[in-house]
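Spelled out, the chains give:
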There are 2 protein chains.
Amino acid sequence: MESISLKTIATVSNNRKDIRDDDWGAIISEITLHEDYSEALFEGLETFSHVEVIFVFHRYDVDRHIPATRHPRNNPEWPELGVLAQRSTHHPNPIGLTSAKILGIDGRILTVQGLDAVNGSPVLDIKPIYKEFLPNNPQQPQWVSELLKDYWQG
Amino acid sequence: MESISLKTIATVSNNRKDIRDDDWGAIISEITLHEDYSEALFEGLETFSHVEVIFVFHRYDVDRHIPATRHPRNNPEWPELGVLAQRSTHHPNPIGLTSAKILGIDGRILTVQGLDAVNGSPVLDIKPIYKEFLPNNPQQPQWVSELLKDYWQG
């Protein structure tokens with residue numbers, strides 16, 4: 001299998017029109033399930049507090065060059081690393097993955113807080129967060145917390 | 001955008017040939033980056049302890065019927081819920097998402113423990129886990145822990 005075709009099942013609506021790195025914490029997004037799908041797919045999701053959302057970075061040209069390595073945010077003060085050692089948009093596939101807090105569900109609209117997807121982002125999948133799937137005591141290099149200093153502000 | 005074509009960038013190799021629900025904790029998997037990609041994409045990934053892996057449930061027929069709701073594992077003792085309120089394979093897109101512990105990297109091979117993907121699973125993306133991306137105090141219904149009682153055994 002060299003490639004796979006995936007369906008976009010929902011779309012993100014929020015007031016974040018510009019692609020920029022920081023200030024995602026207060027962003028409220030509505031994730032609207034497409035008409036092809038029954039709103040029953042969301043039934044019971046309100047019994048969880050958080051979801052993981054897999055979405056498409058649809059604003060980037062699919063043919064743009066992805067380097068093998070780069071400095072995070074092109075900042076030479078942080079180490080040059082392979083792109084798979086960073087959660088940036090510079091991955092071979094343009095897909096984002098973020099946890100968000102569930103604020104409510106109304107029919108086919110799931111409202112969440114803290115999703116770092118711009119308005120109009122297509123959604124591929126939504127999974128409830130199970131505690132047993134969280135990593136046990138994860139470790140990371142120093143630069144990550146510096147990079148994310150203002151990421152969840154807003 | 002109704003669908004998107006994604007590349008499979010790597011393949012999972014392990015000794016789990018059968019699709020079954022439990023006993024994933026001890027499974028060691030090698031994730032081998034395809035020859036189209038430079039092994040430099042993994043550079044620095046060893047400075048993290050965990051990755052998230054997005055992979056394809058390639059053993060299921062893409063045309064199989066996905067219900068809107070079901071009982072987890074078809075067990076009537078657990079509530080009938082929308083499929084997006086469960087982390088099962090019964091989602092509109094056949095994609096899995098799991099955290100795994102990094103054991104080592106050797107060239108284009110990333111070795112991990114605890115990935116719940118069968119041998120041969122195509123991989124779409126790998127992201128290092130950033131603590132700042134983990135959910136804060138997630139809550140879930142009671143049935144989840146019952147369901148996962150033996151999931152990470154093995």
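Nothing here was measured: the structure is a model prediction, and the numbers come from that model.

Analysis parameters
- Residues numbered from 1 in each chain as written.
- Chains lettered and ligands numbered in written order.
- Predicted model: local features only at pLDDT ≥ 70, side-chain atom pairs only at ≥ 80, totals over all residues.
- Least-squares fit on C-alpha atoms with pLDDT ≥ 70 in both.
- Contact = placed C-beta atoms within 7 Å.
- Pairing = 2+ DSSP bridges.
- Helix = DSSP H or I, 4+ residues; strand = E, 2+ residues; numbered from the N terminus.
- Axes fitted to C-alpha atoms, helices over the stretch in contact; angles between N-to-C directions.
- Buried ≥ 20, exposed ≤ 12 C-beta atoms within 10 Å, placed from the backbone.

Explanation requested: the relation of the copies chain B and chain A in the structure shown.
Under the fitted operation, chain B is carried onto chain A by 0.0 Å of movement along the axis and a turn of 180°, and the coordinates agree to an RMSD of 0.0 Å. The two molecules are tied by a two-fold rotation axis, judged by turn and shift. Considering only C-alpha atoms, the part of chain B nearest the rotation axis is Ser5(B), at 2.2 Å. A high fraction, 100%, of the interface residues of chain B reappear at the interface in chain A, so the copies pair face to face through one surface.

Even after reading the chapter, I still don't get the sheet that holds strand β2 (residues 10-13) of chain B, so can you show me in this structure?
Across a sheet, strands are paired by hydrogen bonds formed along the backbone, either parallel or antiparallel in direction. Residues and elements named next belong to chain B. Reading around the circumference, β2-β3-β8-β7-β4-β9 is the order of the 6 strands in this closed barrel, with antiparallel pairing throughout. The sheet shows a mean angle of 45° between the axes of neighbouring strands, taken without regard to direction. The sheet contact formed by strand β7 (residues 95-106) and strand β8 (residues 109-113) spans 5 bridges and is antiparallel. Bridge pairing in β8 places Ile-102 opposite Val-112.

Explain the environment of Gly114(B) to me, please; I cannot follow it from the model alone.
Residues and elements named next belong to chain B. Locating Gly-114 in the fold gives a position in the loop between β8 and β9 (122-128). On the basis of neighbour count, Gly-114 is assigned to the buried category, with 22 C-beta atoms found within 10 Å. For the pair Gly-114 and Ser-99, spaced 15 residues apart in sequence, the C-alpha separation works out to 7.7 Å. Filtering out sequence-adjacent residues up to four positions away, Gly-114 remains in contact with Trp-24, Gly-25, Ile-27, Ala-100, Lys-101 and Trp-152.

Looking at this structure, how should I read unusual backbone geometry?
Excluding glycine, residues mostly carry a negative phi; peptide bonds, for their part, are mostly trans. All names here are of chain A. Residues other than glycine seldom take positive phi values, yet Asn-137 does so here, at roughly 55°. Checked against the element boundaries, Asn-137 lands in the loop between β9 (122-128) and α1 (143-147). For Asn-137, a count of 7 C-beta atoms within 10 Å gives the class exposed.

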